[in-house]
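# Breakdown of the fold
Letter by letter, the chains look like this.
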Amino acid sequence: MARLASQSLGGFYSTPPEMVQLVCKKLKVDEGSFINILDTCAGEGEALKMFQDHLEDQRAKVVTYGNELEKSRFDKAATCLDHVIHGGYERLRTSPFHSFWWGNPPYDHGSTERMEVSAFRLHSYRNEKQMIQKGAVVCYCVPQESLKDLAELLAYRLDDIRVYRFTDEFYPRFHQVVVFGYFATPSEEKARKLKEYLKEVGSYGPESLETLEKEDHIYYEIPAAQNKIEFFRGDALKTSLVYPHQFMYSQD
């Protein structure tokens, strides 16, 4: 993907609804489960809302948590999501009980590494900054070539990983793939093999991966939330930006 293309979009890559629908088809949840779902580069909120609708069709109780840096996109996201923060995801602090994370970070080089790598590292901490719960389903949407840089982090922080690419209609623009996995610690041997696999896939072209439309009957089961989200805020010195209607849904 050309750097110029990245800059021209301000680092924002709206996932085509057609691709979100295909991701949805690979996600399942138990009827009656209560789940919190997270998107920290939420854009206008369309993708996270589509995930919510899909999971609620399976009779789950779903609360959406979004974050968006750009003000006009934040304003639109606030009309369709339950909770929204306006700011950079680097400052986000939240209870670690999100059981699904949709990640579509900026695609570009940062000061020391690719931004896709920095974003994944931050979101997959296992410390006081932890955002997602153990066993959470992660879907990480990035350019295929960035898998070379992401390989080690993905291999050691996710289990049961599978990678699919966008369909032929949408793949050429940014070479996007979606990494599916569970936020868990795989065995050392499994992680080492997966790291090498991801590096290889990152070096190849689209022919190395199945598309998201592949009907392989493989699904990712989103676990119920282990607890409530007690806090969801941005800059510690500022009040979280939310809208009154967002507190009408009770988690009790």
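It should be noted that the structure appears before, not after, this text.
Residues numbered from 1 in each chain as written. Predicted model: local features only at pLDDT ≥ 70, side-chain atom pairs only at ≥ 80, totals over all residues. Heavy atoms only, no water.

## So, the pairing of strand β2 (residues 34-39)
- Of all 6 residues that make up β2, 6 are buried, and the element is covered over most of its length.
- Side chains F34, N36 and L38 of β2 all project onto a buried face; the interleaved residues I35, I37 and D39 project onto the opposite face, where all are buried too.
- Here 6 bridges tie β2 to strand β3 (residues 61-68), and the two strands are oriented parallel to one another. Residue I35 lies in a different strand from β3, and its bridge partner there is V62.
- One crossover worth recording links β2 to the parallel β3 by way of helix α3 (residues 46-57), and it is right-handed.
- Where β2 lies against strand β6 (residues 98-103), 2 bridges are found, and the strand directions are parallel. Bridge pairing in β6 places I37 opposite F100. (Buried < 20%, exposed > 50% of the residue type's maximum accessible area, 1.4 Å probe, protein only. Helix = DSSP H or I, 4+ residues; strand = E, 2+ residues; numbered from the N terminus. Pairing = 2+ DSSP bridges. Right-handed = clockwise from strand over helix to strand, strands pointing away.)

## A closer look at the side chain of R157
- With respect to the element layout, R157 can be found in helix α6 (residues 147-157).
- Here R157 sits buried without a salt bridge, and the closest side chain of opposite charge, E152, lies 9.0 Å off (N-O distance).
- What R157 contacts, discounting residues up to four positions off in sequence, is F120, R121, S124, Y125, R126, Y182, F183 and A184. (Lys, Arg positive; Asp, Glu negative; His and termini not counted. Salt bridge = Lys/Arg side-chain N within 4 Å of Asp/Glu carboxyl O. Contact = heavy atoms within 4.5 Å.)

## Topic: the pattern of salt bridges
- The tally for this structure, following the rule as stated, stands at 13 salt bridges.
- Where K49 meets D53, a salt bridge forms, and the shortest distance between an N and an O atom there is 3.4 Å. Of this pair, K49 and D53 are both found in helix α3, 4 residues apart, which corresponds to roughly one turn of the helix.
- Given a relative accessible area of 28%, K49 falls into the partly exposed group.
- Where K195 meets E152, a salt bridge forms, and the shortest distance between an N and an O atom there is 3.7 Å. Placement of K195 in helix α8 (residues 188-203) and of E152 in helix α6 is noted, with a sequence separation of 43 residues between them.
- Residue K195 is classed as buried on the basis of its relative accessible area of 19%.

By themselves, these are just geometric observations and shouldn't be taken as functional.
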